[in-house]
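# Descriptive structure summary
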Amino acid sequence: MSQPLVSLACHAYAFAALVYLTYLVRQWDALVLAGRLLVGGGLALHGVALALAMGAQGIMPVGAAQGFSTLAFLLLAIGLVLDVRYRKPVIGAFITPLAVAVLLPGLLLQEGRAPLDAPLRQPLLPVHVGIALLGLAAFAVAAGVGVMYLLMERQVRGKHFGLLFARLPSLEFLDTLNRRLVVWGFVALSITLATGAFFVAGSPRGLTWMMDAKVVATFVAWGLFASVAGARVLVGWRGRRVALLTMAGFCLVLVSFLSSYDFSAGGMR
């Protein structure tokens, strides 16, 4: 992976984070434009770096460093699309700092050099990894939206209409956006489990893989999000409890993501 390009992208994202955070204090249109341009420029550089890595390796990068880098790219891409689509630049103030924090390990960790285990050396691996990272990014943004919901709800309940109240979207908008992001994340997580079963079937470890932390965390997260989706439809759940459950589910998926890598070797387990 081209470290200079990713480093430049990271600097652009960091400046964008400062711009979006400043927007929380001063709602100037110039700040919105600057934030979007910085994120867009960073994504362009970042995308080139990822494309070069894919070209060099022949498949989607699967090392720890590349995993963090790709996750940050997807986080910011989703955040920028939502910002522009809904005209809600405040989303950038919550997503961009998170993405910078995710990208930093991608710059600091060594590139994956350890060879993949035989069961993982399959053409399906890039699809499995790509969809898994896309689902994780969707859940991360949903968790960020959940944080915004809780902050906004606290302002409303306490009748303390301060700075955040004037900046954050309505509770209804945040709840609807959370639902859409969770649905997309749930679909991606379901596909991840289905494609993951292919690797389990071809592994000499067989069903002992089911005891791996990443597999257990993924199944628990899938069950939690399935329950939340069902409760929304059947019971009418929404609001605070859904936001909290979304954040809990994201933590479980994050455990699965972190458990997938051997950080000492920089590759996948």
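In this text the structure is predicted, and so the values were computed from the model without any measurement. (Residues numbered from 1 in each chain as written. Predicted model: local features only at pLDDT ≥ 70, side-chain atom pairs only at ≥ 80, totals over all residues. Heavy atoms only, no water.)

### Description of the nonpolar core
Counting residues in each nonpolar core, the largest one holds 58 residues, and the members touching the most others are Leu 75, Val 141, Leu 181 and Phe 225. Looking at this core, the elements with two or more residues in it are helix H1 (3-23), helix H2 (29-57), helix H3 (64-86), helix H4 (90-108), helix H5 (125-157), helix H7 (171-201), helix H8 (213-234) and helix H9 (240-259). When we break this core down by domain, the ones giving at least three residues each are domain 1 (1-110) and domain 2 (120-268). Those residues in contact with Val 141, other than ones at most four positions away along the chain, are Leu 75, Ile 78, Leu 82, Ile 95 and Leu 181. (Core = buried A, V, L, I, M, F, W, Y, C linked by side-chain atoms within 4.5 Å. Buried < 20%, exposed > 50% of the residue type's maximum accessible area, 1.4 Å probe, protein only. Helix = DSSP H or I, 4+ residues; strand = E, 2+ residues; numbered from the N terminus. Domains from an automatic or database assignment. Contact = heavy atoms within 4.5 Å.)

### Let's talk about the packing of aromatic side chains
This model, assessed by the stated rule, comprises four aromatic pairs. Ring centres of Phe 139 and Phe 225 lie 4.0 Å apart, and the angle between their planes is 5°; on these two criteria the pair is classed as stacked. Placement of the pair is Phe 139 in helix H5 and Phe 225 in helix H8, with a sequence separation of 86 residues. Residue Phe 139 is classed as buried on the basis of its relative accessible area of 1%. If you follow Arg 85 out to its NZ or CZ, it ends over the ring of Tyr 86, 4.9 Å from the centre. Of note, Lys 88 hangs over the ring of Phe 173, and the distance from its end group to the ring centre comes to 5.2 Å. (Phe/Tyr/Trp six-rings, centres within 6.5 Å; stacked < 30°, edge-to-face > 60°. Lys NZ or Arg CZ within 6 Å of the ring centre and 35° of its normal.)

### Concerning the UniProt feature "transmembrane region" (unreviewed entry) in the protein chain
Listed under "transmembrane region" (unreviewed entry) in the UniProt record, and renumbered for this structure, are residues 6-25, 37-56, 62-82, 89-109, 129-151, 181-203, 215-235 and 242-261. Span residues 129-151 is 100% helix and 0% strand, its end C-alpha atoms 33 Å apart. As annotated, residues 215-235 has a helix share of 95% and a strand share of 0%, and its two end C-alpha atoms lie 29 Å apart. (UniProt positions renumbered as here; feature names shortened; annotations may be inferred.)

### Describing unusual backbone geometry
Working note: non-glycine residues mostly have negative phi, and peptide bonds are mostly trans. Notably, Arg 87 is not glycine yet its phi reads approximately 55°, a positive angle. Of note, Arg 87 is situated in the loop between H3 and H4.

### Considerations on the pattern of salt bridges
Taken as a whole and judged by the stated rule, the model has five salt bridges. Notably, a salt bridge pairs Arg 240 with Glu 153, separated by 3.1 Å at the nearest N-O pair. Of this pair, Arg 240 sits in helix H9 while Glu 153 sits in helix H5, and the two are 87 residues apart along the sequence. One salt-bridge network, held together by shared partners, links Glu 153, Arg 157 and Arg 240. (Salt bridge = Lys/Arg side-chain N within 4 Å of Asp/Glu carboxyl O.)

### Thoughts on a nonpolar patch on the surface
A cluster of nonpolar side chains, namely Val 183, Val 187 and Ile 191, defines an oily patch on the protein surface of about 210 Å² accessible area. Counting through the fold element by element, Val 183 comes out in helix H7. Using a relative accessible area of 42% as the deciding quantity, one classes Val 183 as partly exposed. (Patch = residues over 30% accessible without salt bridge, like charges linked within 9 Å, V, L, I, M, F, W, Y side chains within 5 Å. Areas by Shrake-Rupley, 256 points an atom, 1.4 Å probe, with all protein chains shown as cover.)

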